[in-house]
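Listed below, chain by chain, are the residues.
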Amino acid sequence: MGPDDWIHAKNERHAMSPERETPWSLPQAPSCPTNPQDAQETQDSPVSPTPPRAETIAVCTHRFPPTSAAPPPPLHIYHAVLLLADPRDQRRRTLTLVTDSLVQPCRSRAPSASASAGWRLGARPPPARRQCRVSAAVLTAPVTTSVRGRVTHSMPPEKAEVFRSLEGWAGRSLLPLLKPVEECWQPSDFLPDSSSEMFEHDVRELRARAAGLPDEYFVVLVGDMITEEALPTYQTMINTLDGVRDETGASACPWAVWTRAWTAEENRHGDILGKYMYLSGRVDMRMVEKTVQYLICSGMDPGTENNPYLGFVYTSFQERATAVSHGNTARLARAHGDDVLARTCGTIAADEKRHETAYGRIVEQLLLLDPEGAMLAIADMMRKRITMPAHLMHDGRDMNLFDNFASVAQRLGVYTARDYADIVEFLVKRWQLENLESGLSGEGRRARDFVCGLAQRMRRAAERAEDRAKTDEPRKAKFSWIYDREVVI
């Protein structure tokens, strides 16, 4: 096979005529075809974060013969081996089981005849996994991490057409929710200017404000920052979703454009919080940085099965959850007298709400085009429980670090079991699930009824857990992030 079989076109200059100039133009590319009407509407979109590309390259993808493609061994198994605790500790044996299981190649579930109409709830036993940790801190007793039953590529291939049909819509309805880079805030807008003669004075003022914040506040702030800093994992997760991934790394497909620009906006969140904490002098930055590295090595397993139906339900929920968390850290910072930090956290929360709007719109479109498949996907994710993105967090010492962090967040009111229930109720109302009838089978209606009644059941469970917690003895845990000082959990 010669080189001409791999590359079918030379680089061409992309001529930008005056009538086509926009803040962001989406050139047509063979890897992501759209119809001419959608392409013109996308090019006329008023908002875009980067300048147009000067060249268009025809790209071949997936030329490796599928029959000879063997999955590479997951590299993070070696990190898991390095993190094992004392050999006599039960957690070591549990982690060893996880490590051994990762060596086995993942098997994709072939779509059955019934799968083409959607996913059958209850068709497989629920995977063994921990619930949403923040909710679990209140609703359940601590449990041992176990291996999730692997299901991959669960979306029937024919449903990929749904997402191809939405490419023009994504260009018109998602990309305008992104802000041009020149209009975006940057971390330096909220931090002392290192080139200014007043830099040292401004840093002393920042430290004076930070001195009024309690240790428990810094625990949740650090936990939020570490969650944001694991951004490479989240972009990777979205690019595992069939039908919407970035096939080349620089694809002009609206789904790929959204994912890259969303990542670029999110990247500022962990950046500003990390710089603030470094200047504050209140946290052990080396332990914080080690926790970030461990978390990125560990990855995440939200149970989305390479399935964009499940993936966009997850991101709709998760973006709202992070908006709630950052909004509450802003409220607490203001209560303790740090208005600058309050404004910083509030600005991050506003970004998260804008991103939540985008992902919520995608699910709305899926409910219009494929109500049965979308409804079953929503119920599937709700039955699994939404796993927080940093659920594999640890610092190399405390394997219960995430549970302890979640317990502090629950106690301070930063993110609670009630917040989880409120988000479920909000999404039910936003997507108008209670009124959904057309296009649902009996299974779809049962899934709808389950989801619509979930928030009330969760609130009752949270109330019972809160009543029990009032009679429990207060527990404390050490956090390496704050130099091993103890905090009530």
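Once a new chain begins, its residue numbering starts again from 1 and follows that chain's sequence as written. pLDDT decides what is reported in this predicted model: residues at 70 or higher carry local features, side-chain atom pairs at 80 or more are listed and counted, and totals for whole chains, interfaces and linings draw on all residues regardless. Excluded from the side-chain calculations are hydrogens and water; all other atoms, namely the structure's heavy atoms, are used.

In the annotation of an unreviewed UniProt entry, the protein chain is listed under the name Acyl-[acyl-carrier-protein] desaturase and assigned to Zizania palustris. UniProt lists a comment for the protein chain under the heading Cofactor (unreviewed entry), and it reads "Fe(2+)". The heading Subunit (unreviewed entry) in the UniProt record of the protein chain holds the text "Homodimer." UniProt positions are given in the numbering used here, feature names are shortened, and annotations may be inferred rather than shown by experiment.

Asks: Would you explain empty space enclosed by the protein in this entry?
Replies: Unfilled space is identified by rolling a water-sized probe across the atoms. A cavity, in this analysis, means grid points on a 1 Å lattice covering only the protein atoms where a 1.4 Å probe fits yet has no way out; a pocket is instead an open set bounded by protein on both sides within 12 Å along at least five of seven lines, and a residue lines either one if it has an atom within 4 Å of a point. Grid points are joined across faces, edges and corners, and a volume is the space filled by probe spheres set on the points. Inspection of the entire model under this criterion finds four cavities of 30 Å³ or more. Roughly 210 Å³ of internal volume is contained in the largest cavity. Taken together, 16 residues line the largest cavity, and the ones lying closest to its centre are Tyr234, Trp262, Gln318, Glu319 and Pro389. Secondary structure elements follow DSSP: runs of H or I no shorter than four residues count as helices, runs of E no shorter than two count as strands, and numbering proceeds from the N terminus. Per element, the largest residue contribution to the lining of the largest cavity is five residues, and it comes from helix α12 (residues 308–335).

Asks: Would you take a moment to explain the pairing of strand β3 (residues 476–479) for this structure?
Replies: Side-chain direction in a regular strand flips from residue to residue, so the side chains alternate between the two faces of the sheet. Alternating positions in β3 separate cleanly, Ala477 and Phe479 being buried on one face and Lys476 and Lys478 remaining unburied on the opposite face. By the convention used here, strands pair only if DSSP detects at least 2 bridges between them. The sheet contact formed by β3 and strand β4 (residues 485–488) spans four bridges and is antiparallel. Counterpart to Ala477 in the pairing with β4 is Val487. The antiparallel pairing of β3 with β4 creates a hairpin that spans five residues between the two strands, and Tyr483 there sits at a positive phi of about 60 degrees. Partly exposed residues are those whose accessible area sits between 20% and 50% of the maximum for their type, while under 20% is buried and over 50% is exposed, using a 1.4 Å probe and protein chains only.

Asks: Would you take a moment to explain a positive patch on the surface for this structure?
Replies: Side chains of Arg383, Arg457, Arg460, Arg464 and Arg468 sit close together on the surface and give a patch of like positive charge. Here Arg457 lies in helix α18 (residues 454–471). Nonpolar side chains (Val, Leu, Ile, Met, Phe, Trp, Tyr) are joined into patches within 5 Å and like charges within 9 Å, using only residues with over 30% relative accessible area and no salt bridge. Using the Shrake-Rupley algorithm and a 1.4 Å probe, accessible areas are obtained, with residue cover drawn only from the displayed protein chains. Salt bridges are identified by distance alone: a Lys or Arg side-chain nitrogen within 4 Å of an Asp or Glu carboxyl oxygen. Charge counting treats Lys and Arg as positive and Asp and Glu as negative, with His and both chain ends excluded. We put the charge of a Lys on NZ, of an Arg on CZ, of an Asp on CG and of a Glu on CD.

Asks: What is the right way to look at the packing of aromatic side chains in this model?
Replies: Given two aromatic rings, one states the distance between the centres and the angle between the planes to describe the pair. In this analysis, rings of Phe, Tyr and Trp, with Trp reduced to its six-membered ring, are considered paired at centre separations within 6.5 Å, and the interplanar angle assigns stacked below 30 degrees, edge-to-face beyond 60, and tilted for intermediate values. Counted under the stated rule, the structure contains 13 aromatic pairs. Arranged with centres 4.8 Å apart and planes meeting at 55 degrees, the rings of Phe317 and Tyr420 form a pair that is tilted. Highlighted residues: Phe317 in helix α12 and Tyr420 in helix α16 (residues 417–430), separated in sequence by 103 residues. Taken individually, Phe317 and Tyr420 each receive the classification buried, so the pair is uniform in this respect. Either the NZ atom of lysine or the CZ atom of arginine qualifies as a charge over a ring when it sits within 6 Å of the ring centre and within 35 degrees of the ring normal. The ring centre of Phe450 lies 4.0 Å from the NZ or CZ of Arg383, which sits over that ring.

Asks: Just checking my understanding: could you explain the pattern of salt bridges for this structure?
Replies: Pairing of side chains with opposite charge becomes possible as their charged atoms draw close. Scanning the entire structure with this criterion turns up 23 salt bridges. One network of salt bridges, with partners in common, ties together Glu265, Arg268, Asp351 and Arg354.

Asks: Teacher, can you tell me more about helix α10 (residues 254–280) here?
Replies: Residues lying three or four places apart along an α-helix face the same way, a consequence of the helix completing one turn every 3.6 residues. Taking 1.5 Å of rise per residue, 27 residues should cover 39 Å, and α10 covers 40 Å from first to last C-alpha, within 8% of that figure. In the stretch just after α10, Gly281 is the one whose phi turns positive, near 70 degrees. How far a helix is expected to stretch is found by multiplying one less than its residue total by 1.5 Å.

Asks: Even after reading the chapter, I still don't get the confidence of the model for the protein chain, so can you show me in this structure?
Replies: Detail in the predicted coordinates should be disregarded across regions flagged by low pLDDT. Looking at the protein chain as a whole, the pLDDT averages 80, with 70% of positions reaching at least 70. On a scale of 0 to 100, pLDDT captures the predictor's confidence in every residue. Contacts are assigned to residue pairs that have any heavy atoms within 4.5 Å of one another. Taken together, the stretch residues 2–56 has pLDDT below 50 and engages in 87 contacts with residues farther than four places along the chain or on a different chain. Note that residues 68–147 has pLDDT below 50 and, in this model, 131 contacts with residues that lie over four places away or in other chains.

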